[in-house]
Amino acid sequence: MSTDPTAEPERYDPLVVEPPIAQRWAAERTYSLRPGPAELDPSSLERAPYYALTMFPYPSGDLHMGHAEIFTIHDALVRHLRMTGHTVLNPIGWDAFGLPAENAARNRGADPKAWTYANIDEQRSTIVRLGYSFDWDTVLHTCDPEYYRWTQWLFLALFDAGLAYRREALVNFCPSCSTVLANEQVVDGRCERCGTEVSRQPRTQWFFRITEYADELLSGLDDLDWPERVKNSQRAWIGRSEGAEIVFPTADREDEIHVYTTRPDTIFGATYFVFAPEHPVVRRRMAGDRAYDAYLAEVTRRSDVERQAGKTGYRLPFDVVNPFTGEDIPAYAADYVLMDYGTGAIMAVPVGDQRDFDFARQEGLEIRVIIRPTGPDGQLLDELDPDTMTEAYTGPGVMVHSGAYDGLPWHEAKARIIADVEAKGWGTAKVNTRLRDWLISRQRSWGAPIPIVHCRHCGEVPVPQEDLPVTLPDDLDFTVAGSPLDQHAAFKHDVVCPRCGDQDATRDVDTMDTFVDSSWYFLRYLSPTDDTRPWPTDAAGDWLPIDQYTGGVEHAVLHLLYSRFVVKAMRDQGYVDADEPFQALLNQGQVIMDGAAMSKSKGNLVVPGEVTDTYGADTLRGTMLFASAPEDDIDWADVSPTGMHKWLSRVWRLTLEELARDDQGAVPLAEEGAARLRRATAEAIDRASAEYAARKFNTAIAQLMTLTNAVLDATRHGRGGPAVREALEALLTMLAPVCPFITEELWTRLGHDASVHDQRWPVADTALLVDEEVEVVVQVNGKVRGRLTVPAGADAEAVESVARADERLAGHLAAEVVKVVFVPDKLVNFVVRA
RNA sequence: GCGAGCGUGGCGGAACUGGCAGACGCGCUGGGUUUAGGUCCCAGUGGGCUUCACAGCCCUUGGGGGUUCGAGUCCCCCCGCUCGCACCA
């Protein structure tokens, strides 16, 4: 350190400071919790165990700003937790199977494996450069055979439990990706990934029986510390409703058709009946009818998007009987009734359901009024007129033209009718959900193969545990049309039935949805190299549920729902003692540019690397955290890395100046200045600690900036000493979670051997926070008219007399005071007669 | 259509259970340092008005109404934006 006071102080250059520290942390595995891969028993830890997890990245290229945002928030959380007395399990890995690797292979002739691992290497070095304190001893990639072996194990565990099954169903098919999709991957009738309209096709596919857990997936949400909107999304997706299943016989009494309805009270208004066009009873009864076949073919061809455009119907050549009225009512097949919700058939009540109303008007069907509207106080309103109605009535009312139920409020009628339905054996009360089983088969080749052998004698035969993993061939031909795995003869045919030894058995050539890979990775982090079991079943229950999960809201009904299902299913099979995977969830905001998503094609792409190369990683991290609260979006056009860089330069300079003063034995601050700075330090610790605890990094940083300004102010005249050093050390310690490099460097230069990141979080000297005098706001009729300095704890009378003695307030207090409102140490409000 | 959330300076954003609106920063203006630019340092910065000045007054948190001594915060209505679900019977 130079002792020449005229020498130019060393400039803050993050590009010199940061890389060596980053390399050291990576090389020395600084943030690893253990020397080897052995499982980690949380009860063996000295400090409170904490499992912090961030959604692992997909290796589609280098890290983008969204990754930097999520990792920066997560890393600040983790580093702060370590400094406040926790041992933090903080793993990282890659969600490495998926379509982009296949597309790279198809379009550019790349080897999907090499392409994937090259991207992982690039992302990994960026993560290191940005100073994220992950545990590099527990890294996993879902495309490693050592990992997907256990994904296959998971499939078989679910299969053994009866929770994985294969059936033919109308499934979503994306013609562009040439694969089937789960319902969760269809957005507005389009493929989530490529935007192509999805069509419905009957196919035999594998499903996970997630509906088995619908009730628990719904009720479990109440106890999770998740954003309400995510919980609401899951509630809406599960879509629980209460109603009844009621049997309508056909007029010829040959069939009994079950319908599900949430409004059994409207049954007297059921004037016609609708089947989904694919309903099995209709298909059987209409077999060989060419006109109907044509209708069915047309309906099947139409995508959901087209179906929304208009209702079509087909009058069936038979009637059904309304059990309550005994009437025969006409039966239709119509595409507005879906085969895969409820029972695929409905009683149509045009007066009370908008879709039925529209169809009735279109087809000229009877609209029968069975309810009379009531107002907010239960008073009767005008009767409905079926000839002039323009829309269905869905509000409250009392029953009319409903036999014995006339005069009952609709909700009472609902309860009575359900009871009577059950009494008469016409049906049962029924809870229905919108959630459907999770379709996990994919006609893709860069994924975990489904570990099943198909045998003409034995059917679906699980691959024995000792034969796992079923590995992907290295020599897939991506130039073929369709699935390369399906056309790889050796993979498909070089297998015998594990049960009967039949030589003609074939492997299942589909792979699992990559959401299966990611539905359990947080368990594998507990022992990623254990080749005897997927995870340590005893320790898992201690680490789960994960204390803090950070990631994007786009997974609200995908990954987050699937993972909950998997944990519950594994719990019931005795593999993990936990009900939920993620106790607390933080959804970070998006990083956008000029109000729009960043993308290469729009030319508004900013990548972390270019910010780091200019200003360093600390500035990138600080800029992101200072811009807004973690949940809020950041528009990169609105933020200023230069502002952050300027502040860090100032922290750098102030620290080096203090060191130089120290060397030269400079005069310390005068007592008053030192006391003022000590107080500012205590306040900054007090406030910043609270902001950190609330995860409001933007306001925590603001407090640290205020402390910096206090140091700047105190040292203006070249004095320093213990109070300045104390302020700087508190500042560096509290800045460490946000800007790990500059704080590490300056901490070392201040003469400490241990890392700043191993320091305990500072504690404010509360004695310094207590004021002897306080400023009290004086209001007159609620308007601020002055401020008074009074002794802390002064009572109302004392403050009032000081106020009355103040000549500047005299004019306002001349009128008669009718009331005095007093808030100790804060405010006094005189209410005067106007 | 249903459900949820959000509207604060030129900008990002602060404001604990109702108690000094605009913390902190960006930007901008003026000044200093510098050969120059940048960096850096100092001062100012919601709008309007009064005053030589110290200072003071009025208005202001999307719009309107209400509760209260006091409302960005609570209640009602309206407007705007965002997100989720959507032929779900």
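Note that the structure is a prediction, hence the values are computed from the model and not measured. Sequence order sets the numbering: in each chain, residues are counted from 1 along the sequence as written. Whichever chain is written first is A, and whichever ligand is written first is 1; the rest continue in order. Where totals are concerned, whole chains, interfaces and linings use all residues; where local detail is concerned, this predicted model gives features only for residues with pLDDT of at least 70, and gives and counts side-chain atom pairs only at 80 or more. Hydrogen atoms and water are omitted, and side-chain values are computed over all heavy atoms in the structure.

1. A short note on the overall build of chain A
So, point 1. The helix and strand tally for chain A stands at 27 helices and 33 strands.
So, point 2. Counting all 834 residues of chain A, 55% fall into the buried class.
So, point 3. Any pair of residues with heavy atoms lying within 4.5 Å of one another is described as a contacting pair. Counting only contacts in chain A whose residues sit at least 6 apart along the sequence, the fraction spanning at least 24 positions is 72%.
So, point 4. For the charge count, each Lys or Arg is scored as positive and each Asp or Glu as negative, with His and the chain ends excluded. Here the site of a charge means NZ on Lys, CZ on Arg, CG on Asp, or CD on Glu. Averaging the locations of the 82 positively and 129 negatively charged side chains of chain A gives two centres separated by 2 Å. Secondary structure elements are taken from DSSP: a helix is a run of H or I of four residues or more, a strand is a run of E of two residues or more, and numbering for both begins at the N terminus. Only protein chains enter the accessibility calculation, which uses a 1.4 Å probe; a residue is then buried when its area is under 20% of its type maximum, exposed when over 50%, and partly exposed in between.

2. Side note on the side chain of threonine 266
So, point 1. With respect to the secondary-structure elements, threonine 266 resides in the loop between strand 11 (256-261) and strand 12 (272-275).
So, point 2. Residue contacts for threonine 266: discarding those within four places in its chain leaves Met347, Val349 and Ile370.

3. Topic: the sheet that holds strand 21 (residues 452-455)
What links the strands of a sheet is backbone hydrogen bonding, and the strands pair in either a parallel or an antiparallel sense.
So, point 1. Here a strand pair is declared whenever DSSP counts at least two bridges between the two strands. Strand order in this open sheet of three strands is 22-21-23, and the pairing throughout is antiparallel. Looking at strand neighbours, the two that pair on one side only are strand 22 (459-462) and strand 23 (506-507), the edges of this open sheet.

4. Side note on the packing of helix 19 (residues 617-627) against helix 22 (residues 697-714)
So, point 1. For every element, the axis is a line fit to its C-alpha atoms; helices are fit only across the contacting stretch, and the angle between N-to-C directions ranges from 0 to 180 degrees. Between helix 19 and helix 22, the shortest axis-to-axis distance is 6 Å and the interhelical angle comes to 110 degrees. By the angle between their axes, helix 19 is roughly perpendicular relative to helix 22. Here Gly622, Leu625 and Phe626 of helix 19 lie close against helix 22, whose contacting residues are Phe697, Asn698, Ile701, Ala702 and Met705.
So, point 2. Amino acids outside the nonpolar list (Ala, Val, Leu, Ile, Met, Phe, Trp, Tyr, Cys, Pro) and the charged list (Asp, Glu, Lys, Arg) are all regarded as polar, and Gly is one of them. Here the residues of the contact of helix 19 with helix 22 are counted per class, giving six nonpolar, two polar and no charged. The scheme is simple: roughly parallel for angles under 35 degrees, roughly antiparallel for over 145, roughly perpendicular for 65 to 115, oblique for anything else.

5. Describing the protein's contact with RNA strand B
So, point 1. Among the 53 residues in the neighbourhood of RNA strand B, the closest are listed as Arg307, Arg355, Lys646, Arg716 and Asn829.
So, point 2. Taking leucine 338, its main chain carries an N or O atom lying 2.8 Å from a base nitrogen of RNA strand B.
So, point 3. A breakdown of the residues in the surface near RNA strand B according to their chemical character gives 17 nonpolar, 16 polar and 20 charged. What makes a residue near a molecule or strand is one non-hydrogen atom of that residue sitting within 4 Å of it. Between N or O atoms, a polar contact is any pair within 3.5 Å; within protein, one atom must be a potential hydrogen donor and the other a potential acceptor, and residues adjacent in sequence are included only when both atoms are from side chains.

6. So, the nonpolar core
So, point 1. Ranked by internal contacts, the top residues of the largest apolar core, which has 175 residues, are Tyr51, Phe155, Trp438, Tyr521, Phe522, Trp636 and Trp647.
So, point 2. Element by element, the count of residues in this core is highest for helix 5 (residues 145-160), at ten residues.
So, point 3. For tryptophan 647, the contacting residues outside a window of four places in its chain are Ile701, Leu704, Met705, Thr708, Leu731 and Leu735.
So, point 4. Judged by nonpolar contacts, the second largest core, of 58 residues, contains Phe273, Ala334, Phe357 and Ile418. Among buried residues, those of type Ala, Val, Leu, Ile, Met, Phe, Trp, Tyr and Cys that are joined through side-chain atoms within 4.5 Å constitute a nonpolar core.

7. A word on the packing of aromatic side chains
So, point 1. By convention, a stacked pair of Phe, Tyr or Trp rings (six-membered ring in the case of Trp) has centres within 6.5 Å and planes under 30 degrees apart, an edge-to-face pair has planes over 60 apart, and any other such pair is tilted. Scanning the entire structure with this criterion turns up 46 aromatic pairs.
So, point 2. On the basis of an interplanar angle of 45 degrees and a centroid distance of 5.3 Å, the ring pair of phenylalanine 248 and phenylalanine 273 is categorised as tilted. With phenylalanine 248 in strand 10 (residues 241-249) and phenylalanine 273 in strand 12, the pair connects residues that are 25 residues apart, well separated along the chain.
So, point 3. On the accessibility criterion, phenylalanine 273 (0% relative accessible area) is buried.
So, point 4. With a centroid separation of 6.2 Å and 55 degrees between ring planes, the pair formed by phenylalanine 324 and tyrosine 405 is classed as tilted. Placement of the pair is phenylalanine 324 in the loop between strand 13 (313-321) and strand 14 (328-334) and tyrosine 405 in the loop between strand 17 (397-399) and helix 12 (410-423), with a sequence separation of 81 residues. Grouping residues by exposure puts phenylalanine 324 and tyrosine 405 together as buried.
So, point 5. Over the face of the ring belonging to phenylalanine 318 we find arginine 285, whose NZ or CZ atom lies 4.3 Å from the ring centre. A ring is scored as having a charge over it whenever the NZ atom of a lysine or the CZ atom of an arginine sits within 6 Å of its centre and within 35 degrees of its normal.

8. Structural notes on the pattern of salt bridges
So, point 1. Salt bridges, as used here, are contacts in which a Lys or Arg side-chain nitrogen is within 4 Å of a carboxyl oxygen on Asp or Glu. One pass over the structure, following the stated rule, counts 44 salt bridges.
So, point 2. One salt bridge connects glutamate 745 with arginine 749, and the closest N-O pair in it is separated by 3.0 Å. With glutamate 745 and arginine 749 both in helix 24 (residues 740-749) and four residues apart, the pair spans about one turn of that helix.
So, point 3. Through salt bridges with shared partners, one network takes in Glu216, Arg564, Lys568, Arg571, Asp572, Asp579 and Glu580.

9. Some thoughts on the sheet that holds strand 2 (residues 86-89)
So, point 1. The four strands lie next to each other as 2-1-25-26, forming an open sheet whose pairing is parallel. Of all the strands in the sheet, the pair left with one neighbour each is strand 2 and strand 26 (585-587). Here the average twist between neighbouring strands, direction ignored, is 25 degrees.
So, point 2. For strand 25 (residues 548-551) and strand 26, the ladder comprises three bridges, and the chain directions are parallel. If you follow threonine 550 over to strand 26, its bridge partner there is leucine 586.

10. So, the pairing of strand 5 (residues 164-174)
So, point 1. Note that strand 5 and strand 9 (residues 199-208) share ten bridges and pair antiparallel. Residue pairing across strands places glutamate 168 opposite threonine 204, the latter belonging to strand 9.
So, point 2. In terms of strand pairing, strand 5 meets strand 6 (residues 179-181) through three bridges, oriented antiparallel. Bridge pairing in strand 6 places asparagine 172 opposite leucine 181.
So, point 3. Connecting strand 5 to the antiparallel partner strand 6 that follows it, the hairpin turn spans four residues, and serine 178 within it adopts a positive phi of roughly 45 degrees.

11. A look at the confidence of the model for chain A
So, point 1. The quantity called pLDDT is the predictor's confidence in a given residue, expressed from 0 to 100. Overall, the predicted model of chain A reaches an average pLDDT of 89, with 97% of residues at or above 70.
So, point 2. Across residues 1-7, where pLDDT falls below 50, the model places eight contacts with residues more than four positions away in sequence or in other chains.
So, point 3. Confidence estimates for the predicted assembly give a pTM of 0.91 and an ipTM of 0.93.

12. Thoughts on helix 5
So, point 1. Here, expected helix span is obtained from the residue count minus one, scaled by 1.5 Å. End to end, helix 5 covers 22 Å across 16 residues, agreeing with the expected 22 Å (1.5 Å per residue, within 8%).
So, point 2. Within helix 5, twelve of the 16 residues are buried, which leaves it mostly tucked inside the rest of the structure.
So, point 3. Every buried residue belonging to helix 5 is among Tyr147, Tyr148, Trp150, Thr151, Gln152, Trp153, Leu154, Phe155, Leu156, Ala157, Leu158 and Phe159, and all of these are buried.
So, point 4. Phi turns positive one or two residues past the end of helix 5, at glycine 162, with a value near 80 degrees.

13. Some details on the packing of helix 18 (residues 608-615) against helix 19
So, point 1. It is at 7 Å that the axes of helix 18 and helix 19 come closest, and there the two elements cross at 120 degrees. Taken together, the axes of helix 18 and helix 19 are oblique relative to one another. Contacts between helix 18 and helix 19 pair Pro608, Val611, Thr612 and Tyr615 from the former with Ala617, Thr619 and Leu620 from the latter.
So, point 2. Looking at the contact of helix 18 with helix 19 residue by residue, the classes come out as five nonpolar, two polar and no charged.

14. Quick word on the pairing of strand 12
So, point 1. Residue alternation in strand 12 divides its side chains into two sets, Tyr272 and Val274 and Phe273 and Phe275, and both sets are buried.
So, point 2. Pairing between strand 12 and strand 15 (residues 345-348): four bridges, direction antiparallel. Bridge pairing in strand 15 links valine 274 to isoleucine 346.
So, point 3. The pairing of strand 12 with strand 14 spans three bridges and is classified as parallel. Across the sheet, residue phenylalanine 275 finds its bridge partner in strand 14, namely alanine 333.

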